[in-house]
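One-letter residues, chain by chain:
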Amino acid sequence: MIGELVERWHRGWIAADGLTSEYRDGYLVVHVNRPHRVFEWIATDDAEAGALAGVVAAEREPSWLSVPTHAPGKVIAEIEAAGLVVARPDETFMRRALAGHPAPEPPAGYQLEITRDPVIKVQVLADGEVAASGLMAVVGEDAVAHRIETAEEHRRRGLGSVVMGTLVREAARDGATTGLLFSSTDGIHLYRSLGWEKISDLVVARNEVSA
């Protein structure tokens, strides 16, 4: 079940970020093409985490590994034994039915800007400056949230909820019914407050190749 949802999430991620992916020796790998992260390998079954970690550790370019799992402690031990460095041990894979998602209006002094290219992009502006923003890619009936950010000086004003609510509203207009996302520890409170539910834990690691 997790494997299918991970594959669906990844299709939205690469659409949102303009990336490509492939299956290499049966493993899912995304071409991120950034200096510090050339490839990101994604485990669709945490039973393969140890073997996949060995593949990532042997890469000659900076590479990362993401493992959705219900047993993060076991996965961390396996991937560290393979030679990877755990970068983010406690992220979360989440989903939500889009129907009924809260969609608050921006507070006084803020304006919404919505664009499509074709990825949905929402920005909350204050005096012409970006205070909060986010992306959402619709692939079939799935909507994948990406890069949900609020500038530090504009936090604790509900702008993250405004961004997410607006993205979901627009994605639903495009026929999406289910939302998927990978959440950082910083974002988990926001998503839970909006009714998103945990699918699994998420362990993210990297090899020791420098950019």
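Description of the structure in this document.

## Some thoughts on the packing of aromatic side chains
- One pass over the structure, following the stated rule, counts 4 aromatic pairs.
- Centre to centre, the rings of W9 and F182 are 3.7 Å apart; their planes meet at 10°, and the pair counts as stacked. Here F182 lies in strand β10 (residues 178-183) and W9 lies in helix α1 (residues 2-17), a separation of 173 residues in the sequence.
- W9 sits in the buried class, given a relative accessible area of 6%.
- Centroid distance F93 to F182: 5.0 Å. Interplanar angle 85°. Geometry classified as edge-to-face. Here the residue F93 occupies a position in strand β5 (residues 85-97), and F182 occupies one in strand β10, the gap between them amounting to 89 residues. No difference in accessibility class separates F93 from F182, as the two residues are buried.
- Between the NZ or CZ atom of R24 and the centre of the ring of F39, over which it lies, the distance is 4.8 Å.
- One residue, R37, lies across the ring of W64, its end atom 5.9 Å from the ring centre.

## Examining the sheet that holds strand β2 (residues 27-34)
- Read from one edge of the open sheet, 11 strands run β1-β2-β3-β4-β11-β5-β10-β9-β8-β7-β6, paired in mixed fashion. Edge strands, defined here as strands with exactly one partner in the open sheet, are β1 (20-24) and β6 (111-116). This sheet shows a mean twist of 25° between the axes of neighbouring strands, independent of strand direction.
- Summarising the sheet, β6 and strand β7 (residues 120-126) pair through 6 bridges and their orientation is antiparallel. Bridging across to β7, R116 finds its partner in I120.

## Concerning unusual backbone geometry
- The omega torsion of the bond from D117 to P118 falls at -10°, within 30 degrees of zero and hence cis.
- With respect to the element layout, P118 can be found in the loop between β6 and β7.
- Phi at D25 takes a positive value of approximately 55°, unusual for a residue other than glycine.
- Inspection of the secondary structure puts D25 in the loop between β1 and β2.
- Under the relative-accessibility criterion, D25 is labelled exposed at 72%.
- One non-glycine residue, D127, lies in positive phi territory at about 55°.
- Its location among the elements puts D127 in the loop between β7 and β8 (129-139).
- The exposure class assigned to D127 is exposed, which follows from its relative accessible area of 78%.

## Looking at the packing of helix α2 (residues 49-57) against helix α3 (residues 72-81)
- For the pair α2 and α3, interaxial distance at closest approach is 8 Å and the crossing angle is 35°. Seen along the crossing, α2 lies across α3 with a hand that is right-handed. Residue-level contacts link A49, G50 and A53 of α2 to V75, E78 and I79 of α3.
- Grouping the amino acids of the contact of α2 with α3 by side-chain chemistry returns 4 nonpolar, 1 polar and 1 charged.

Calculation criteria
- Starting from 1, residues in each chain are numbered consecutively following that chain's sequence as written.
- Owing to the predicted nature of the model, reporting of local features is limited to residues with pLDDT of at least 70; listing and counting of side-chain atom pairs is limited to 80 or more, with chain, interface and lining totals taken over all residues.
- Where side-chain values are given, they derive from all heavy atoms of the structure, hydrogens and water being excluded.
- Each aromatic pair joins two rings of Phe, Tyr and Trp (for Trp, the six-membered one) with centres within 6.5 Å, and gets the label stacked for planes under 30 degrees apart, edge-to-face for over 60, and tilted for any other angle.
- Numbering of helices and strands runs from the N terminus, with a helix taken as a DSSP run of H or I at least four residues long and a strand as a DSSP run of E at least two residues long.
- Residue exposure (1.4 Å probe, protein chains only): buried if accessible area is under 20% of the type maximum, exposed if over 50%, otherwise partly exposed.
- For a lysine, the NZ atom is tested; for an arginine, the CZ atom; a charge sits over a ring if that atom is within 6 Å of the ring centre and within 35 degrees of the ring normal.
- What makes two strands pair is DSSP finding at least two bridges between them.
- All axes are obtained by fitting lines to C-alpha atoms, using only the stretch in contact for helices, and the reported angles, taken between N-to-C directions, cover 0 to 180 degrees.
- Crossings are assigned a handedness: left-handed for a near helix turned anticlockwise from the far helix by less than a right angle, right-handed for a clockwise turn.
- Between two residues, a contact is recorded if the distance between any of their heavy atoms is within 4.5 Å.
- Note on residue classes: Ala, Val, Leu, Ile, Met, Phe, Trp, Tyr, Cys and Pro are nonpolar, Asp, Glu, Lys and Arg are charged, and everything else, Gly too, is polar.

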